[in-house]
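Listed below, chain by chain, are the residues.
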Amino acid sequence: MTEQALDELGPVDYLVIEFPAGEADFSGEIAEELVRLVEAGTIRLIDAIVLTKDADGSVDAVEFEDLEDLGPLVALEAELAELLAAEDVEQLANAMEPGSVAGVIVYENLWAAPFAAAARRAGGQLIASGRIPIQAIIASLEADEADEADEANEEEGA
């Protein structure tokens, strides 16, 4: 990558999506949505692999190009770089349950690239980022609703 291209790079993230053994379908709706995000210019897919963690904890990593049925992902496969190293795969697999399969994608947030580049040109640098899992947001909202219901019940009983 040229120095100018690196200067314009947006934030790069990864996702690990785990499925019980035998229930992973990377060629269906998931693939269609990923292709849509790429075609819309929202993200640029950098790397993608499938991890299988056996019941004994051993891990196998398969690059997308080695999968038999890519479905709509075949359009994206040619553009992928092999960015994830063996150590990365090991670390990602630690989060998986034995006997599961996971899809891993590494992607650039193209929508944020102009902002990130402007921040770098202004002398700033990203020093932290994070993601709040949707399950945590749902749990928080449900807890708030339960608290509000409890408060309403206490006011009625007072």
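Since we're looking at a predicted model, the values are computed, not measured.

### Comments concerning the overall build of the protein chain
Phase 1: When helices and strands are tallied, the protein chain shows 6 helices and 4 strands.
Phase 2: The linear arrangement of helices and strands in the protein chain, starting from the amino end, is α-β-α-β-β-α-α-β-α-α.
Phase 3: The C-alpha radius of gyration computed for the protein chain amounts to 20 Å, which surpasses the reference 15 Å derived for 158 residues by more than 25%, pointing to a less compact arrangement than a globule.
Phase 4: For the protein chain, the spread of C-alpha atoms along the three principal axes comes to 70 × 50 × 30 Å.
Phase 5: Each of the 158 residues in the protein chain was classed as buried or not, and the buried ones make up 26%.
Phase 6: Within the protein chain, contacts between residues separated by at least 24 positions form 79% of all contacts whose residues are at least 6 apart in sequence.
Phase 7: Within the structure as shown, the protein chain displays about 10700 Å² of accessible surface, and the carbon and sulfur contribution to it stands at 53%.
Phase 8: For the protein chain, the separation between the mean place of its 6 positive charges and that of its 38 negative charges on side chains is 12 Å.

### Looking at a nonpolar patch on the surface
Phase 1: Taken together, I132, I134, I137, I138 and L141 make up a surface patch of nonpolar side chains, about 470 Å² in accessible area.
Phase 2: Mapped onto the secondary structure, L141 falls in helix α6 (residues 134-157).

### Describing the layout of surface pockets
Phase 1: Its volume calculated, the largest pocket comes out at about 520 Å³.
Phase 2: Contributing to the lining of the largest pocket are 21 residues, with P11, V12, D13, L126 and S129 lying nearest its centre.
Phase 3: Within the residue set of the lining of the largest pocket, elements represented by two or more residues are β1 (12-20) and α5 (113-121).
Phase 4: In terms of residue class, the lining of the largest pocket is built from 12 nonpolar, 6 polar and 3 charged.
Phase 5: Considered as a void within the structure, the second largest pocket measures approximately 270 Å³ in volume.
Phase 6: If you trace the second largest pocket, you find 18 residues lining it, with L15, I17, I30, L34 and I105 closest to the centre.
Phase 7: Among the secondary structure elements, those contributing two or more residues to the lining of the second largest pocket are β1, α2 (29-39), β2 (43-53) and β4 (100-109).
Phase 8: Top element by residues in the lining of the second largest pocket is α2. It accounts for 6 residues.
Phase 9: Split into classes, the residues belonging to the lining of the second largest pocket amount to 15 nonpolar, 1 polar and 2 charged.

What counts and what doesn't
- Residues numbered from 1 in each chain as written.
- Predicted model: local features only at pLDDT ≥ 70, side-chain atom pairs only at ≥ 80, totals over all residues.
- Heavy atoms only, no water.
- Helix = DSSP H or I, 4+ residues; strand = E, 2+ residues; numbered from the N terminus.
- Rg over C-alpha atoms; globule rule 2.2 N^0.38 Å.
- Buried < 20%, exposed > 50% of the residue type's maximum accessible area, 1.4 Å probe, protein only.
- Contact = heavy atoms within 4.5 Å.
- Areas by Shrake-Rupley, 256 points an atom, 1.4 Å probe, with all protein chains shown as cover.
- Lys, Arg positive; Asp, Glu negative; His and termini not counted.
- Charge placed at Lys NZ, Arg CZ, Asp CG, Glu CD.
- Patch = residues over 30% accessible without salt bridge, like charges linked within 9 Å, V, L, I, M, F, W, Y side chains within 5 Å.
- Salt bridge = Lys/Arg side-chain N within 4 Å of Asp/Glu carboxyl O.
- 1 Å grid on protein atoms, 1.4 Å probe; cavity = no way out; pocket = protein on both sides within 12 Å on 5 of 7 lines; lining within 4 Å.
- Points joined across faces, edges and corners; volume = space filled by probe spheres on them.
- Nonpolar A, V, L, I, M, F, W, Y, C, P; charged D, E, K, R; others polar.

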